[in-house]
Structures are given as structure tokens and as C-alpha cells.
Amino acid sequence: MREAAALLAQARRIVVFTGAGVSAESGVPTFRDALTGLWRSFDAQRLATPEAFREDPALVWGWYEWRRATVRRARPNAGHVAVAAIEARLPGAVVVTQNVDDLHERAGSVAPIHLHGSLFAPRCSACSHPAPTPDEAAEEPGDGRRVPPPRCARCAGPVRPGVVWFGEALPTAALEAAVEAASTCDLLVTVGTSGLVYPAAEIPQVAARFGAAVLQVNPQETPLDAVSDVNLRGPAAQVLPALVHAAWGADPA
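Keep in mind that this is a model prediction, so the values were computed, not measured.

**Concerning the packing of aromatic side chains**
In step 1: For the structure shown, the criterion picks out three aromatic pairs.
In step 2: With a centroid separation of 4.9 Å and an interplanar angle of 70 degrees, the aromatic rings of Trp63 and Tyr64 are classed as edge-to-face. Note on accessibility: Trp63 and Tyr64 belong to one class, buried.
In step 3: Their ring planes at 55 degrees and their centres at 6.2 Å tell us that Tyr64 and Trp165 sit as a pair that is tilted. Of this pair, Tyr64 sits in helix 5 (residues 57-73) while Trp165 sits in the loop between strand 5 (159-163) and helix 8 (172-184), and the two are 101 residues apart along the sequence. Residue Tyr64 shares its accessibility class with Trp165, and that shared class is buried.
In step 4: One aromatic cluster is present, built from ring pairs that chain together Phe53, Trp63, Tyr64 and Trp165.
In step 5: Sitting above the plane of the Trp63 ring, Arg67 keeps its charged end 5.0 Å from the centroid.
In step 6: Taking NZ or CZ as reference, Arg160 lies 3.8 Å from the ring centre of Trp165, over its face.

**A closer look at the pattern of salt bridges**
In step 1: Using the criterion set out here, one finds seven salt bridges in the structure.
In step 2: In this structure, Arg54 and Glu51 form a salt bridge, with 3.8 Å as the shortest nitrogen-oxygen distance. One end of the pair is Arg54 and the other is Glu51, both in helix 4 (residues 50-55) and three residues apart, which spans about a single turn.
In step 3: We classify Arg54 as exposed; its relative accessible area is 61%.

**Digging into helix 5**
In step 1: With 17 residues, helix 5 should reach 24 Å at 1.5 Å per residue; the first-to-last C-alpha distance of 24 Å fits that figure.
In step 2: Of all 17 residues in helix 5, 14 are buried; the element is thus mostly enclosed.

**Observations regarding the packing of helix 6 (residues 78-89) against helix 10 (residues 236-248)**
In step 1: Across the interface, helix 6 lies against helix 10 with an axial gap of 7 Å and an inter-helix angle of 30 degrees. The angle between helix 6 and helix 10 falls in the class roughly parallel. Along this stretch, helix 6 crosses helix 10, giving a crossing that reads as left-handed. In this structure, helix 6 uses Ala78, Gly79, Ala82, Val83, Ile86 and Arg89 to contact helix 10, whose residues at the interface are Ala236, Ala237, Leu240, Pro241, Val244 and Trp248.
In step 2: Residues that form the contact of helix 6 with helix 10 fall into these classes: ten nonpolar, one polar and one charged.

**Observations concerning the environment of Ile113**
In step 1: Among the structural elements, Ile113 can be located in strand 3 (residues 113-114).
In step 2: Using a relative accessible area of 14% as the deciding quantity, one classes Ile113 as buried.

**Overview of the state of the cysteines**
In step 1: As enumerated under the stated definition, the model contains zero disulfides in all.
In step 2: Here Cys152 stays free of any disulfide, with the sulfur of Cys127 as its closest cysteine sulfur at 3.8 Å.
In step 3: Residue Cys152 is classed as buried on the basis of its relative accessible area, which comes to 7%.

**Digging into the environment of Val83**
In step 1: As for its position among the elements, Val83 is in helix 6.
In step 2: For Val83, a relative accessible area of 1% translates into the label buried.
In step 3: In sequence terms Val83 and Ala93 are ten residues apart; their C-alpha atoms lie 9.6 Å from each other.
In step 4: The contact partners of Val83, leaving out residues within four places of it in the chain, are Val16, Val95, His104, Ser109 and Leu240.

**Focus on helix 9 (residues 202-209)**
In step 1: For helix 9, the full list of buried residues reads Ile203, Pro204, Gln205, Val206 and Ala207.
In step 2: Tucked into the core, helix 9 has its buried residues touching strand 1 (14-18), helix 8, strand 6 (187-191) and strand 7 (213-218).
In step 3: Following helix 9 by one or two positions, Gly211 adopts a phi angle in the positive range, close to 95 degrees.

About the cut-offs
Residues numbered from 1 in each chain as written. Predicted model: local features only at pLDDT ≥ 70, side-chain atom pairs only at ≥ 80, totals over all residues. Heavy atoms only, no water. Phe/Tyr/Trp six-rings, centres within 6.5 Å; stacked < 30°, edge-to-face > 60°. Buried < 20%, exposed > 50% of the residue type's maximum accessible area, 1.4 Å probe, protein only. Helix = DSSP H or I, 4+ residues; strand = E, 2+ residues; numbered from the N terminus. Lys NZ or Arg CZ within 6 Å of the ring centre and 35° of its normal. Salt bridge = Lys/Arg side-chain N within 4 Å of Asp/Glu carboxyl O. Expected span 1.5 Å × (residues − 1). Axes fitted to C-alpha atoms, helices over the stretch in contact; angles between N-to-C directions. Parallel < 35°, antiparallel > 145°, perpendicular 65-115°, else oblique. Left-handed = near helix turned anticlockwise from the far one by under 90°. Contact = heavy atoms within 4.5 Å. Nonpolar A, V, L, I, M, F, W, Y, C, P; charged D, E, K, R; others polar. Disulfide = S-S within 2.5 Å.

Structure representation (C-alpha cells):
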């Protein structure tokens with residue numbers, strides 16, 4: 001912890017790169033978790049595809065409505081709060097996340113870069129026009145349900161979730177911003193990511209190639225161990241607040 005705290009305290013340009021493990025600590029299921037209810041007979045990686053949406057839009061939209069409702073019930077954990085505290089301490093800090101939830105924003109992070117899109121930014125599947133997020137007051141049954149997607153106000157095409165599906169490219173602007181931040185930082189902190197999902201997993205490697213120190217927070221070994229200068233084993237909600245305290249002598253607010 002001492003070496004990691006020194007890296008954080010000395011950093012002037014920092015990127016915090018987060019993955020599914022951070023949200024999992026708030027109770028948000030990952031793609032590796034078994035599906036339940038209506039979805040138990042489906043493979044998450046098959047539902048999260050353009051092909052699945054074309055074949056059965058009500059099934060896929062219903063699944064994402066269930067996922068969005070699950071996120072809304074979740075609360076940011078101490079790891080999310082610690083990330084926001086790092087941003088507050090270093091105004092030039094950039095948060096890059098693979099997560100499609102809004103837990104970073106609710107913890108106080110300002111404009112995190114969402115590499116894989118967001119559950120809260122639906123758009124038309126035909127013309128890409130942004131669509132309103134469905135009413136949060138709507139109650140989703142615990143086992144899920146089929147829901148026909150709304151129609152685009154511009155072209156009447158079916159609205160799709162604003163996330164990156166398997167087989168789709170990452171949003172160009174988000175990827176370029178993440179690469180720019182990683183290539184110019186002096187410290188990248190990677191938290192709760194398996195390091196297996198590409199091209200997002202390249203971001204810590206970009207930082208390392210450009211000479212930045214890489215600090216990894218993860219309960220388990222990952223392929224990013226090889227490029228990390230320091231590895232802190234443990235959950236984000238425990239390790240990140242302790243890291244902030246060790247670096248600056250203050251607890252995340």
C-alpha cells in the first residue's frame with residue numbers, strides 16, 4: 001500500500017479505468033453471473049447482440065429494462081466514492097469505465113468516459129437519434145418481462161439500448177478520448193476489470209507503453225498484472241478508500 005499511495009500522491013495526470021468488478025460490489029450482476037427468471041434459458045452474450053434485437057426486440061428490450069431497473073436499485077459503493085474523491089483532489093483526472101451503469105455519476109464523478117455506452121442513453125436502431133430514457137417510475141417484475149421497444153420520434157424505428165453489443169465497434173469519440181487520456185497520464189489506476197475484453201483492455205497497456213505507472217486494484221490475478229507496477233489485491237470498496245487515505249491522509253467524503 002505504501003508504494004501505491006506514493007504513486008497516487010505524486011501523480012499529476014491520472015486516469016482511473018474501471019470494470020465490472022466495481023459495479024458488482026454494488027450488486028449489479030456481471031455477464032459472468034447466471035441469469036434468472038425469464039432470462040435463465042438465455043446466454044447473456046447472445047442477448048447482447050444486434051442479431052438478437054432484430055430477431056426478438058421485445059425480449060432484448062425487456063432484458064435491458066430489467067438491467068436498468070436493477071442498476072437503479074443499486075447504490076454507489078465506497079469504491080465509486082473514492083474514485084470521485086480522486087477526481088476532486090486532481091481536477092485533471094479522467095475516469096474511463098467499461099460499465100454501462102450510472103454509479104460513477106451518482107457517486108460524484110463528472111462526465112466519465114463510457115467505452116461500452118450507457119443503459120441511460122437509448123437511441124434509434126435505424127437513424128441513431130437519441131431517445132428519452134423510459135420512465136424510472138415503471139416497476140419491473142423481479143423475474144423480468146418482454147417489453148416492445150418504443151418508437152423513434154424522428155423515423156419511427158425501434159429504439160435500442162445505448163450500449164455496445166458484441167460484434168459492434170466502440171464509440172469512436174469515447175475510444176479516442178480514452179486513448180488520449182491514457183497516452184498523456186503519469187498514473188493509470190485500473191480497478192475491477194478482468195483485462196480480457198478488447199479493445200477496452202488496451203487502455204492500461206497504452207498508458208504503460210507511454211511511460212505511465214500502472215496501479216491495479218483487483219481481488220484476483222489478471223492479464224494486466226504483466227503491465228502493472230503495483231498490484232493491490234482486494235475489493236475496490238475496501239482498497240480504494242484505504243489508498244486515498246494513505247495518499248492524502250483523508251477519507252473519501
